[in-house]
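One-letter residues, chain by chain:
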Amino acid sequence: MQKKFKLLATSSSGLESLVARELRNLEIENVSIDDRSRVFFEGDLAEIAKANLWLRTADRVKIVVGEFKARTFEELFENVYDLPWDELIPFGCQFPVSKAKSVKSTLHNEPSIQSITKKAIVKKLQTTYHRPEGVPIPENGAKFSIEIALHKDMATVLIDTTGDSLFKRGYRSEKGEAPLKENMAASIILLTNWLANPSRAFVDPTCGSGTFTIEAAMLALNMAPGMNRPFAFTAWPWFDEEILKQEKALAQKQVRKDLELDIQGFDIDGKMIEIAKHNALAAGLSDVIKYKQMRLQDFRTDKLDGVLVSNPPYGVRLEDEEAVAALYGEMGKTFAPLETWSKYILTSDVAFEKHYGAKATKKRKLYNGTLRTDLYMYFGKRMK
Ligand code: SAH
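Residues numbered from 1 in each chain as written. Predicted model: local features only at pLDDT ≥ 70, side-chain atom pairs only at ≥ 80, totals over all residues. Heavy atoms only, no water.

Enquirer: How do you make sense of the packing of helix α6 (residues 182–191) against helix α7 (residues 211–220) when you look at a structure like this?
Expert: Think of two packed helices as two axes; the pair is described by the angle between the axes and how far apart they sit. Across the interface, α6 lies against α7 with an axial gap of 9 Å and an inter-helix angle of 60°. On the basis of the axis angle, α6 is oblique to α7. Seen from above, α6 lies across α7 with right-handed handedness. Taking contact as the criterion, the partners of Glu 182, Ala 185, Ala 186, Ile 188, Ile 189 and Leu 190 in α6 are, on α7, Thr 211, Phe 212, Glu 215, Ala 216 and Leu 219. Here the contact of α6 with α7 is built from residues that sort into eight nonpolar, one polar and two charged. (Axes fitted to C-alpha atoms, helices over the stretch in contact; angles between N-to-C directions. Helix = DSSP H or I, 4+ residues; strand = E, 2+ residues; numbered from the N terminus. Parallel < 35°, antiparallel > 145°, perpendicular 65-115°, else oblique. Left-handed = near helix turned anticlockwise from the far one by under 90°. Contact = heavy atoms within 4.5 Å. Nonpolar A, V, L, I, M, F, W, Y, C, P; charged D, E, K, R; others polar.)

Enquirer: Where do I start with the site of the ligand in this structure?
Expert: Lining the immediate surroundings of the ligand are 21 residues, of which Ser 209, Thr 211, Asp 267, Leu 296 and Asn 311 lie closest. At 2.6 Å from an oxygen atom of the ligand is found a side-chain nitrogen or oxygen belonging to Thr 211. Taking Leu 296, its main chain carries an N or O atom lying 2.9 Å from a nitrogen atom of the ligand. In terms of residue class, the shell around the ligand is built from eleven nonpolar, six polar and four charged. (Near = heavy atom within 4 Å. Polar contact = N/O pair within 3.5 Å; in protein donor to acceptor, adjacent residues only side chain to side chain.)

Enquirer: How do you make sense of the sheet that holds strand β1 (residues 5–10) when you look at a structure like this?
Expert: Taken in spatial order, the seven strands line up as β2-β3-β1-β4-β7-β6-β5 in an open sheet, and their pairing is mixed. Of all strands in the sheet, those with a lone pairing partner are β2 (29–33) and β5 (97–103), marking the two edges. Taking each pair of neighbouring strands and ignoring which way they run, the sheet shows an average axis angle of 30°. Here three bridges tie β2 to strand β3 (residues 39–43), and the two strands are oriented antiparallel to one another. Pairing of Glu 29 across the sheet is with Glu 42, part of β3. Across the sheet, helix α3 (residues 73–81) touches β4 (60–69) and β6 (145–151), and the angle it forms with β4 is around 125°. (Pairing = 2+ DSSP bridges.)

Enquirer: Quick question: what am I supposed to make of the side chain of Asp 267 here?
Expert: Structurally, Asp 267 can be placed in strand β9 (residues 262–267). Lacking a salt bridge, the buried Asp 267 has Lys 271 as its closest oppositely charged neighbour, with an N-O distance of 9.2 Å. Side-chain polar atoms of Asp 267 contact the backbone nitrogen of Gly 208, separated by 2.8 Å. A distance of 2.9 Å separates the side chain of Asp 267 from the backbone nitrogen of Asp 269, its partner in a polar contact. (Buried < 20%, exposed > 50% of the residue type's maximum accessible area, 1.4 Å probe, protein only. Lys, Arg positive; Asp, Glu negative; His and termini not counted. Salt bridge = Lys/Arg side-chain N within 4 Å of Asp/Glu carboxyl O.)

Enquirer: It is not clear to me how the sheet that holds β9 should be interpreted in this structure. Could you clarify?
Expert: Hydrogen bonds between backbone groups are what pair the strands of a sheet, and the pairing can be parallel or antiparallel. Overall, mixed pairing links the seven strands, which are arranged β10-β9-β8-β11-β12-β14-β13 in an open sheet. Every other strand in the sheet has two partners, leaving β10 (289–293) and β13 (362–368) as the edge strands with one partner each. Strand-to-strand twist of the sheet, defined as the mean angle between neighbouring strand axes without regard to direction, takes the value 20°. Pairing geometry for β13 and strand β14 (residues 371–378), over seven bridges, is antiparallel. Paired with Tyr 367 across the strands is Arg 372, a residue of β14. In the packing of helix α9 (residues 270–282) onto the sheet, contacts are made with β9 and β10, and the angle to β10 comes to roughly 165°.

Enquirer: Would you explain the pattern of salt bridges in this entry?
Expert: Any two side chains of opposite charge can pair, so long as their charged atoms come close to each other. Inspection of every chain in the model, using the stated rule, returns 18 salt bridges. We note a salt bridge from Glu 242 to Lys 245, for which the minimum N-O separation is 3.6 Å. Of this pair, Glu 242 and Lys 245 both sit in helix α8 (residues 241–253), separated by three residues, roughly a single helical turn. We classify Lys 245 as partly exposed; its relative accessible area is 49%. Note that Arg 295 and Asp 298 form a salt bridge whose closest N and O atoms lie 3.5 Å from each other. Several salt bridges converge on common partners, so that one network encompasses Lys 6, Asp 34, Arg 38 and Glu 67.

Laid out in structure tokens, this is it:
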């Protein structure tokens, strides 16, 4: 097995710099963002385990099997054939080419790119495993999910190490109607100033299934987000289980159990509060986060210098728009007295500031799936 891999961490667009920062904080080598906003890094099996276990803002970690020019199907076939499949895919394993993408390239028929790629790998493995031509190679073992992406005639061939996207941490079994992905929630918390001093109050007054509150607690306590979920790479015959076990044991030791936190979630909907409690319990945080059924309009506090993060309803349907505008107005009135608090509100409503009644200090564009949203940031007044 080759020792070092070139690796790629994928994420929602706009979050790449956060992913790169997380990788650097993990002391992973040669982290770089290329001109197409792709986050590359290097590592061996331990880094594959570590990145999957710890990345909060990314979607997946992929092995870069190779990169080459491909302007014709012959060139594509030859170059795919030449990649080290013999070292990567043991006999009997599944190797679906699950995705083919082409952007601004001579070869643009994605199904053909996909099938040529598959054929080239089959041919290579037939040779490797001395199978006569025409006799298919069995594919019933561990899965190596392969992707090929062409961009301006340059092909990148990848193997996914992650499986289900990393936003699935394993604690959220129920999620309500408009949940935020866990990696988006973690990214937003990283964009606030709360982690600079996480003993300050943290409130999500529209907490739904509790995503912000749970991600905030996990970040502050330095809990690895991937402790309780499976990964594709663990099924691979050449992946030594001990490596992940060791990374998990290390992660366990790094939890900051000593830290006192003040995290609260509210929601008008009692059913959502039950769900949030259930999810916090699954994340091992039922003692850390307090939930209460309450209208955000009733939120009052004497605490200073807190952080409020909210993902209120967006008016997707026309008839909801007025109600949502009124709600934003009430948020503005309710939060205005909290002068020393910093507030971060995520919505797709471009008229948010008007309804809320105050201009944001700063805005940041974020994609919640395909929906364009903005994070409206209101920085609190500095305390003397
Ligand atoms: N971020 C959440 C989803 C929030 S959806 C998650 O990841 O699950 C918006 C939430 O705001 C809903 O759960 C809804 O019940 C709640 N809500 C709507 N009006 C409210 C009000 N006036 N006060 C408090 N919560 C409200």
